[in-house]
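Take a look at the letters that make up each chain.
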Amino acid sequence: MRTPRSALVALATLIPLVAAVGCGGPSTQNDVSTYPAKGRTITLIVPYDAGGAGDIGARLLKPYLEKEIGTNIEVVNRPGAGSQVGVSALARAKNDGYTIGFTHLPATIATYLDPARKADFERASLEPVAMYVTDPTALAVSADSPYRTLDDLVRAAKAKPGKVTVTDSGILSDGNIACLRLEEMTGVKFAVVHGGGGAETLADVLGHHTDVGNLNLSGNTAELVRSGKIRLLAIFDKKEDPHFPGVKTGRDEGYPIEVATSRAISAPKGTPKPIVDKISAAIERAMQDPEFQKKATASGLRLSYLDPQQLDTYWSGMEKQVRPLITLAKKG
């Protein structure tokens, strides 16, 4: 098993070095009306590798959000430790509205709930801005894999306990939770590999470095399935996805598991509420753009906007679900 990437690399700060006073950034409530300042760039942190589903979704949103917010957006990838590096950078950034970032749920929640992760942030360090996408989890194999169904995978894992490798995006990521629940339900034991994100997992599947990969449905997944380069064994959702005809849900195959990653956008705690609301409203308008929606559909993105208060409530509910899984993950 590859060593889990729990060790944090040194965090290079993303805190803007230029003070807000004198360069147009809002430092008081009175400055909110001028936000965003002309020519000032907003950094959007993606806590996973470039090329993954989350990164593709962020870059798809970028030009439409720029149009609605009225300034440039710079997408910055800060991968590592199952999104911990990027979310740490977000939490430590200046709370002036010029740094926002993705806080994938449940991965972000699992990071600050697990004492072993030694996260330097907690829920109170982050300000919910908007929900963007909810993306179901699926199990993928290479085209020449001997596994064609979820049952095939379970039978192989029973025959070879601890030998069938399954890669995910980190401890208690949505993919890891799907794997843990499958183990709990069937009594099998996988050799779990915690990777750095969807792009790395996909490379592992295509390069035969893992037997199975946990992937989300958006991004390159649909194209690779259509081209026959990968095959989905099951999607852990309530119903079959029309973009993946013939691929059964886990429930259809006798494994009632429903897991997804929710790509929420947050700001550092203390970001003025009027600015948070302004960013959130701009995200909502961007997501309503017909051209953007057409591209999102083509990429398999399941758009799911929530405003700051709705996201806060959603976050609380998911936290209750994740908390008991911390112990289960440690047993794995």
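Read on for an overview of the structure. The structure displayed is predicted, hence computed values, not measured ones.

Here the focus is the packing of aromatic side chains. On inspection of all chains with the given rule, the structure shows five aromatic pairs. Centroid distance Y35 to Y98: 5.1 Å. Interplanar angle 65 degrees. Geometry classified as edge-to-face. Taken together, the positions of Y35 in the segment before strand 1 (42–46) and Y98 in the loop between helix 2 (84–92) and strand 3 (99–105) put the pair 63 residues apart, joining distant regions of the chain. Look at Y35 and you get buried, because its relative accessible area is 2%.

What follows deals with the nonpolar core. If you look at the biggest cluster of nonpolar residues, it comprises 47 residues, and the most contacted ones within it are I109, L139, Y147, L150, L153, L182 and F190. Every element with two or more residues in this core is listed here: helix 2, helix 3 (107–113), strand 4 (126–142), helix 4 (150–159), helix 5 (174–186), strand 8 (230–236), helix 10 (308–322) and helix 11 (325–331). Among all residues touching L182, those that are not within four sequence positions of it are L139, L150, V154, G187, V188, F190, Y255 and I257. Within the second largest apolar cluster, 33 residues are counted, among which are V75, F102, V129 and M287.

The complete set of buried residues in helix 6 (residues 198–206) reads A199, E200, T201, L202, D204 and V205. Tucked into the core, helix 6 has its buried residues touching strand 4, strand 5 (165–168), strand 7 (212–216), helix 7 (221–226) and strand 8. Note on helix 6: the residue one or two positions beyond its end, H208, has a positive phi of about 60 degrees.

Between helix 1 (residues 53–69) and helix 8 (residues 273–288), whose axes approach to 8 Å, the crossing angle comes to 125 degrees. It follows from the interaxial angle that helix 1 and helix 8 lie oblique. Helix 1 and helix 8 meet at a crossing whose hand is right-handed. Along its contact with helix 1, which presents L61, Y64, L65, E68 and I69, the element helix 8 presents K278, I279, A282, I283, R285, A286 and M287. Taken together, the residues of the contact of helix 1 with helix 8 sort by class into nine nonpolar, no polar and three charged.

Parameters and conventions
- Residues numbered from 1 in each chain as written.
- Predicted model: local features only at pLDDT ≥ 70, side-chain atom pairs only at ≥ 80, totals over all residues.
- Heavy atoms only, no water.
- Phe/Tyr/Trp six-rings, centres within 6.5 Å; stacked < 30°, edge-to-face > 60°.
- Helix = DSSP H or I, 4+ residues; strand = E, 2+ residues; numbered from the N terminus.
- Buried < 20%, exposed > 50% of the residue type's maximum accessible area, 1.4 Å probe, protein only.
- Core = buried A, V, L, I, M, F, W, Y, C linked by side-chain atoms within 4.5 Å.
- Contact = heavy atoms within 4.5 Å.
- Axes fitted to C-alpha atoms, helices over the stretch in contact; angles between N-to-C directions.
- Parallel < 35°, antiparallel > 145°, perpendicular 65-115°, else oblique.
- Left-handed = near helix turned anticlockwise from the far one by under 90°.
- Nonpolar A, V, L, I, M, F, W, Y, C, P; charged D, E, K, R; others polar.

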